[in-house]
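Given next are the chains, with one letter for each unit.
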Amino acid sequence: MCGIVGFIGNNDAKQIILNGLTRLEYRGYDSAGLSLFNQRYQNFDIYKDEGRVQKLIDSTKNAAYSNVGIGHTRWATHGKVNKENSHPHYSQSRRFIIVHNGVIDNYQDLKSQYLSNANFSSDTDTEVIAQLIETFAQTLHVENAITTTLKLLHGSYALLVLDANDPEKIYAAKYKSPLIVGHGESGITIASDLMALIGYSDTYHALEDKTFVVARRDDVKIFNLDHQLIDAVFKPIEMDAADTTKGEFAHYMLKEIHEQPSVIRRIVGNYYDYDASTINPEIIKSMRASDRIYILAAGTSMHAGLIGKQLIEQLAEIPVEVHIASEFAYQMPLISKKPFFILVTQSGETADLRACLVLLKKYQYPTLTITNVATSTLAREASYNLEIFAGPEIAVASTKAYVAQVAVLAIVAFELSAKTFDIKDALTKAALSIEKFLSSEKMDDLVRNFLTRRNCFFIGRGLDYYVGLEAALKLKEISYIQTEGFAAGELKHGTIALIEDGTPVIALISNPEINGNTRSNLKEVQARGAYTFKIVTSDCAQPDDEVVLDQVHPLLTALVMVVPTQLLAYYAALDRSYDIDKPRNLAKSVTVE
Ligand code: AGP
């Protein structure tokens, strides 16, 4: 996915756009660009290149002061990572300049049908949009030219459009990709994410699909694609700038790991008013009426979903299936007669999951999203939504969102159950256990021994196996060490062939009933030369265990067991001097299938 920011008003557009792009850089960082209206020459200057936002900041140091402009950070989908394919793109005459987040599936057809004589400067689907607008603007008013173009597009878009013939407006449009309009004293800011608006807008409106915006310095009008005015409600922005900075931490990832105890406490505070749950009773009623619950998610959120399966099955005794979103969307399994679907997604914008929701809505199945962004597409389109209150998660590698998702799934499972223990107390104890570990952790000492290895294994059983899957993803995605999370008892059925002298194998043990089994599996790999260490909870601890965490409720062990593994990944990437918050090839939310 990409990040887009536009500003029009009585303030420094370049500064606002660059600050916004910096805050949105986690959304994509292959290239960056912006366009500003040049009062002196009465046209729009364009600055763009591959590389990070900092490069754009440096290259626009001497740009003329301007009150209107648009900017973009790209995660490449169509076209290589290079200057030509960076945004903003423009029409042939350079009248129209646009930035786009999304994918236009039929851009080649549109190119051959309407633009066979146009000259293109890039391989992108985005440039086709600019060229189409220019083509239709030869006979239509600019707003009609834009909406006519929008009606032809198949796929997803969040668009900002500048018209050199009328620099007192920014046009915007949204379908499937997020776009938020901010209203502030000094003007109108339009961006992919609320974080880009902080400090410049007091209120915001999250655009619905198939809306079209005309923004002026002190006014913004929102229409449907038939040009009917929409009465948009603007809400106060409650996030503050501190949420978007690293504070005293070296990286967002480390800050977000350390925020996890307070995130758990915030969740307890938001979901309980003394002993009464604040969850909409309709959700619990609908889940109780189901004969099977399906959890759909991707990546780390799918790993949280696996924990959720155990929680719901053991507490509520409702069968649960967990499915990878991209598989479910195109290979729907046999569905029970009375299903209930939970979609777990930090961003609320994952395209693979959106494809599932479109399918589920067709069958009119009840759906619940568990997400960190209340204004997100999936949060707004599902039957119900529960927020995880993790606060903005900026590091691409998800940590506090995973812990928050597991905590919310635990509360949902508890509210479905006979409530035989105090969930608030159990979650609070988990927060304390994490806090105690973080106050004295020495995970960087353990990392040294496996940095040079070509691969690594996390082994565990039950919930620890699921935590191992998440631990492996974290280590892979920021240190680029090939890592597998493996069921401890399964390793000996073949994969143990990969164990050689020094292969790191980390055992995760938090269940006393199978403590001995996992330790035996560890001995099997030690006997073949593996470098091993153990991450355990105190009720499973033995004298030589390297990392011991305070015991927590047996169903909540994932909340604490994952934290040392998050730090292992962090220190491994740090030691390798990789970009921890923005790892190569990744983006914070994958809004393409
Ligand atoms: C997590 O570390 C990854 N960045 C990635 O797997 C992520 O969890 C996945 O893309 C799902 O994103 P979502 O939670 O926003 O749907």
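Structure's up top.
How each quantity is defined
- Residues numbered from 1 in each chain as written.
- Predicted model: local features only at pLDDT ≥ 70, side-chain atom pairs only at ≥ 80, totals over all residues.
- Heavy atoms only, no water.
- Core = buried A, V, L, I, M, F, W, Y, C linked by side-chain atoms within 4.5 Å.
- Buried < 20%, exposed > 50% of the residue type's maximum accessible area, 1.4 Å probe, protein only.
- Helix = DSSP H or I, 4+ residues; strand = E, 2+ residues; numbered from the N terminus.
- Contact = heavy atoms within 4.5 Å.
- Pairing = 2+ DSSP bridges.
- 1 Å grid on protein atoms, 1.4 Å probe; cavity = no way out; pocket = protein on both sides within 12 Å on 5 of 7 lines; lining within 4 Å.
- Points joined across faces, edges and corners; volume = space filled by probe spheres on them.
- Nonpolar A, V, L, I, M, F, W, Y, C, P; charged D, E, K, R; others polar.

Can you help me understand the nonpolar core in this one?
Side chains of nonpolar character tend, in soluble globular proteins, to be buried together. One finds Ile 312, Ile 342, Met 443, Phe 450, Ile 535 and Leu 568 to be the most contacted residues of the largest nonpolar core, which totals 108 residues. Broken down by element, the residue count for this core peaks at 14 residues, all from helix α13 (residues 400-416). For Ile 342, the contacting residues outside a window of four places in its chain are Met 287, Ile 293, Tyr 294, Ile 295, Leu 296, Ile 312, Leu 368, Ile 370 and Leu 409. Counting residues in hydrophobic clusters, the runner-up holds 28 residues, among them Phe 96, Leu 115, Leu 132 and Tyr 171.

Where do I start with the pairing of strand β12 (residues 211-216) in this structure?
Most of β12 is tucked away, with five of its six residues classed as buried. Alignment of strand β8 (residues 170-175) against β12, held across five bridges, turns out to be antiparallel. In the sheet register, Ala 173 faces β12, and the bridge partner there is Phe 212. Judged from the six bridges that link them, β12 and strand β13 (residues 219-224) form a sheet pairing that is antiparallel. The residue of β13 that forms the bridge with Ala 215 is Val 220. Hairpin connection between β12 and β13: a loop of two residues separates the two successive antiparallel strands.

Help me understand the layout of surface pockets, please; the structure alone is not making it clear to me.
Using a probe with the size of a water molecule, rolled over the atoms, empty space left in the structure can be pinpointed. In this structure, the largest pocket spans a volume of roughly 790 Å³. Together, 37 residues line the largest pocket, and Leu 194, Met 239, Asn 372, Val 373 and Ala 374 are the ones closest to its centre. Those elements that provide at least two residues to the lining of the largest pocket are β11 (203-206) and β14 (235-236). When its residues are assigned to classes, the lining of the largest pocket shows 17 nonpolar, eight polar and 12 charged. By volume, the second largest pocket amounts to about 500 Å³. Lining the second largest pocket are 27 residues, and of these Ala 298, Gly 299, Thr 300, Lys 588 and Val 590 lie nearest its centre. The set of elements that each furnish at least two residues to the lining of the second largest pocket consists of α9 (299-316), β19 (339-345), α11 (351-362) and α16 (463-479). Split into classes, the residues belonging to the lining of the second largest pocket amount to 11 nonpolar, 10 polar and six charged.

Nothing here speaks to function; it is geometry throughout.
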